Amino acid sequence: MKKVILILSVVALVLTMGLGAFACSNVNQINFISVVARDYEHYTYTVYAKGEGDQLAAIGTFTYTFKRLQATEGEIAYYIDGHEYTLSSGGVIKTSLSISDGQYAGETVTAEVLFQNAYSPIASRKVYNAFKNGTADAERSYTSVIDYTNKKNIVATVNGEEHSFKKPSYCYDNDTLYSLARGSDISRDSYALSIAGVDNLKPGTRTVSMAKRVDTVSLDVACMSAEPIATTCIALTAAAQYGTGTSAYIYFAPSYRHTDGAGNSVDLNKVPVRIDEGNYVYKLTAISTDE
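The present account deals with the structure reproduced in this document.

So, how was this worked out
Residues numbered from 1 in each chain as written. Predicted model: local features only at pLDDT ≥ 70, side-chain atom pairs only at ≥ 80, totals over all residues. Heavy atoms only, no water. Pairing = 2+ DSSP bridges. Helix = DSSP H or I, 4+ residues; strand = E, 2+ residues; numbered from the N terminus. Core = buried A, V, L, I, M, F, W, Y, C linked by side-chain atoms within 4.5 Å. Buried < 20%, exposed > 50% of the residue type's maximum accessible area, 1.4 Å probe, protein only. Contact = heavy atoms within 4.5 Å.

**Notes on the pairing of strand E17 (residues 248-259)**
Working step 1: Pairing of strand E16 (residues 229-238) with E17 involves five bridges; the strand directions are antiparallel. Within the sheet, the bridge partner assigned to isoleucine 234 lies in E17 and is isoleucine 250.
Working step 2: Here 11 bridges tie E17 to strand E18 (residues 265-277), and the two strands are oriented antiparallel to one another. Bridge assignment links isoleucine 250 to a residue of E18, and that residue is isoleucine 275.
Working step 3: The loop that links E17 with its antiparallel partner E18 comprises five residues; one of these, glycine 263, has a positive phi angle of about 85 degrees.

**Focus on the nonpolar core**
Working step 1: With 57 residues, the main nonpolar core has Ile195, Met210, Met224, Ile234, Val271, Val273 and Leu284 as its most contacted residues.
Working step 2: The biggest single contributor to this core is E17, with six residues.
Working step 3: Leaving out residues up to four positions away in the same chain, leucine 284 has contacts with Tyr43, Thr44, Tyr45, Val221, Cys223, Met224, Val271, Pro272 and Val273.
Working step 4: Counting nine residues, the second-largest nonpolar core is a separate cluster that includes Leu69, Ile80, Ile122 and Ala123.

What follows is the structure, encoded as structure tokens:
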């Protein structure tokens, strides 16, 4: 895998799209963002590498976990990298990627993001353990810890080296960008949103733009339905370090009635059923709302 700037995991290059084209609608879209997830949601995906034509080879597993945090009174404490943060309401998002096949077998990526309100980040931690041909790759591996609590600056520590840089407007953690798209009002035909995403590998920010690609795309999602499901596709683009890069796409099923472990019916909104990142595809295989 190339050493690239990442959106969700470690397998995507994304191409440049400027902020100016969407500036007029950005404020309105920000105001419509909400946390649509239930108190607890856990999604499991099989990760595929694209081959010739439509061939896909399963190479690993990706999981996404959301947990809502709400203080009954006062504030609650949460720890990121051993540091205590307090909040009255918000949530935590955890992701885990494990590559089990191919030349990068053994690679893992774990991320944890603490946020308040509508995905406004408080702190995050991301660990990438790189492998190639069965050997650990220290050059590409990194640990990134980011603190967003200062009003004017962001402090990011990458492999023990601390960096501080200006906090721009509409700034979000890299590992909540797909959640941010999910929480947006993607039902609008004119949907478009641009925000600042923090680069975990080389501390700083970059513009990330979101736009609806098509109204509906029919996808097979065996864990949800025996029939194809109509989905809405949102494209995320950002500055690539080298070349033109590619786009990342996320497909949402507008609604789904899930049955939990106790047999209760749970309504889920805008379920992320598939993610395409460059030459890699994540397909949803299981849903759980049981913590």
